[in-house]
Amino acid sequence: MRAVTLAQVPGSPEVTEVEVPRPEAGEVLVKVAASSVNGFDLGTAAGYLQGMMEHRFPLIPGKDFAGTIEAVGEGVEGFAVGDDVFGVVTKAYLGTGSMAQYVAVPAAIGIAHRPDGVLVRDAGALGLAGTAAFDGLALLGPLEGRTVLISGATGGVGAIAVQLAAARGARVIATAKSGSESGFVSALTDAEVTVIDYTQEVTAQVRAIAPDGVDAVLHLAGDLAELTALTRDGGAVASALTLAPVPEASEDRKLQTAMIRSNPTADTLSTLAGQVASGVLKVPVNSEFDLERAPEAFAAFGRGTLGKIAITVA
């Protein structure tokens, strides 16, 4: 089969021929129709995950997938050959990812049925970013009527989080550079979203909107200390970018702080897909490349992109 591979890390992705994987007990083999590029994939290629996860070479990157079940391993229940599915590769090691014509994935977690009304391309870009946004917002508590600052709204996670937060009744402040970035974020939802320019004085802009501070912060980019200082006492901060304690998270401020850890359960994936099918959520695919051009997709992501970059598989 054709697959994106890394011969080593750090390394550059290439498209090569590799063997089709076989589903082990508890796994299904998916004929991949779509995937997407995530920051995780660039981090893998850059060698940032060495020592954190086992690497098996030639290493096939890719976390997101959408396609059709081709074969079912021993002991699998709830899935059958021919089912349309999507999800996130959740194996404990790196090497057998989804940027390939076939991928074998566990059936217990990281996979759900793709409902009617969800395009294959969109499903293949939804899993990882959607789960991170969904789980990140859950860490902030109830959102209805609260002011939520989403820092890093132009990426895949941020673009989905803006929509989910607005749908849950939050007053959303989102960071994006003026111009095309701001326009992209504003067009994500019909709900009112206040976009501020992160290249200008963020504190002054937020204080003009929320003089007493915001109720919650979803930290996907920017200065965590500055954003924490903008959170009112008793508020909540969830960060995707640091394992260290959130600055100023002292007892007297009573801040709820947490690190975002995505958990792509079938329930979460199905909920997200249902929102896409109903029109509540748009998967922010802004460009797409076929599998043979996947190295170009990596380069495009590295230069900076709005929303998601999809990879389609013939």
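Preceding block: the structure.
Residues numbered from 1 in each chain as written. Predicted model: local features only at pLDDT ≥ 70, side-chain atom pairs only at ≥ 80, totals over all residues. Heavy atoms only, no water.

Helix and strand content of the protein chain: nine helices and 17 strands. Relative to the globule expectation of 20 Å for 314 residues, the C-alpha radius of gyration of the protein chain, 20 Å, shows essentially globular dimensions. With respect to the principal axes defined by its C-alpha atoms, the protein chain has extents near 60 × 40 × 40 Å. For the protein chain, buried positions account for 52% of its 314 residues. Within the protein chain, contacts between residues at least 6 apart in sequence are counted, and of these 65% link residues at least 24 apart. With an accessible surface of roughly 13,400 Å², the protein chain has 50% of that area assigned to carbon and sulfur atoms. Computing the positive centroid from 21 side-chain charges and the negative centroid from 35, the protein chain places the two 2 Å apart. (Helix = DSSP H or I, 4+ residues; strand = E, 2+ residues; numbered from the N terminus. Rg over C-alpha atoms; globule rule 2.2 N^0.38 Å. Buried < 20%, exposed > 50% of the residue type's maximum accessible area, 1.4 Å probe, protein only. Contact = heavy atoms within 4.5 Å. Areas by Shrake-Rupley, 256 points an atom, 1.4 Å probe, with all protein chains shown as cover. Lys, Arg positive; Asp, Glu negative; His and termini not counted. Charge placed at Lys NZ, Arg CZ, Asp CG, Glu CD.)

Before going further, it helps to spend a moment on the environment of leucine 29. Topologically, leucine 29 is positioned in strand β3 (residues 27-37). Here leucine 29 falls in the buried class, since its relative accessible area comes to 7%. Sequence separation between leucine 29 and isoleucine 111 is 82 residues; the distance between their C-alpha atoms is 11 Å. Apart from residues no more than four positions distant in its own chain, leucine 29 is found in contact with Val20, Pro21, Pro23, Thr68, Ile69, Glu70, Ala71, Tyr102, Val103 and Ala104.

Applying the stated criterion across every chain yields a total of 11 salt bridges. A salt bridge links arginine 114 to aspartate 84, with the shortest nitrogen-to-oxygen separation between them at 3.6 Å. Of this pair, arginine 114 sits in the loop between β9 (111-113) and α2 (120-123) while aspartate 84 sits in strand β6 (residues 84-88), placing them 30 residues apart in sequence. Note on aspartate 84: relative accessible area 33%, which makes it partly exposed. (Salt bridge = Lys/Arg side-chain N within 4 Å of Asp/Glu carboxyl O.)

In this model, helix α8 (residues 266-278) (13 residues) spans 18 Å end to end at C-alpha, consistent with the 18 Å of a helix rising 1.5 Å per residue. Where α8 is buried, its residues contact β6, β9, α3 (127-138) and α4 (156-167). (Expected span 1.5 Å × (residues − 1).)

If you trace the six strands from one edge of the open sheet to the other, you get β12-β11-β10-β13-β14-β15, paired in parallel fashion. Each of the sheet's edge strands pairs with one partner strand only, and the pair in question is β12 (193-196) and β15 (256-259). Neighbour-to-neighbour, the strand axes of the sheet open up by a mean angle of 20°, direction not taken into account. (Pairing = 2+ DSSP bridges. Axes fitted to C-alpha atoms, helices over the stretch in contact; angles between N-to-C directions.)

On inspection of all chains with the given rule, the structure shows zero aromatic pairs. When the ring centre of tyrosine 93 is taken as origin, the NZ or CZ atom of arginine 56, which lies over that ring, is 3.6 Å away. The ring of phenylalanine 40 is capped by lysine 63, whose NZ or CZ atom sits 5.0 Å from the centre of that ring. (Phe/Tyr/Trp six-rings, centres within 6.5 Å; stacked < 30°, edge-to-face > 60°. Lys NZ or Arg CZ within 6 Å of the ring centre and 35° of its normal.)

Attention shifts here to the packing of α3 against α8. The N-to-C vectors of α3 and α8 enclose an angle of 100°; their axes lie 10 Å apart at closest approach. When the axes of α3 and α8 are compared, the pair comes out roughly perpendicular. Residue-level contacts link Gly127, Gly130, Thr131, Phe134 and Asp135 of α3 to Thr268, Leu269, Thr271 and Leu272 of α8. Grouping the constituent residues of the contact of α3 with α8 by class yields three nonpolar, five polar and one charged. (Parallel < 35°, antiparallel > 145°, perpendicular 65-115°, else oblique. Nonpolar A, V, L, I, M, F, W, Y, C, P; charged D, E, K, R; others polar.)

Next up on the list: the packing of α3 against α4. For the pair α3 and α4, the least separation of the axes is 8 Å and the interaxial angle reads 50°. Between α3 and α4, the crossing angle belongs to the class labelled oblique. Crossing handedness for the pair α3 and α4: right-handed. Contacts from Ala129, Gly130, Ala132, Ala133, Phe134 and Leu137 in α3 reach Gly156, Val157, Ile160, Ala161, Leu164 and Ala165 in α4. Looking at the contact of α3 with α4, its residues break down into 10 nonpolar, two polar and no charged. (Left-handed = near helix turned anticlockwise from the far one by under 90°.)

What follows is about the nonpolar core. Generally speaking, a soluble globular protein has its nonpolar side chains buried in company with each other. Counting residues in hydrophobic clusters, the biggest one holds 46 residues, and the most contacted among them are Leu140, Ile150, Val172 and Leu218. Mapped by element, the contributors of at least two residues to this core are α3, β10 (147-151), α4, β11 (171-175), α5 (180-186), β13 (214-219), β14 (231-239) and α8. By residue number, the principal contributor to this core is α4, which donates seven residues. For isoleucine 150, the residues in contact, after removing those within four places along its chain, are Gly158, Ala161, Val162, Ala165, Val172, Ile173, Ala174, Thr175, Leu218 and Leu220. Core analysis: the next-biggest nonpolar cluster, separate from the first, contains 32 residues, Leu59, Leu94, Val105 and Val313 among them. (Core = buried A, V, L, I, M, F, W, Y, C linked by side-chain atoms within 4.5 Å.)

Inspection of the secondary structure puts alanine 277 in helix α8. With 108 residues separating them in the primary sequence, alanine 277 and glycine 169 have C-alpha atoms 20 Å apart. Dropping the residues within four chain positions of it, alanine 277 is found in contact with Asp116, Gly117 and Val118.

Moving on: the side chain of aspartate 215. With respect to the element layout, aspartate 215 can be found in strand β13. With relative accessibility at 14%, the residue aspartate 215 sits in the buried group. Those residues in contact with aspartate 215, other than ones at most four positions away along the chain, are Arg146, Thr147, Thr231, Arg232, Gly235 and Ala236.

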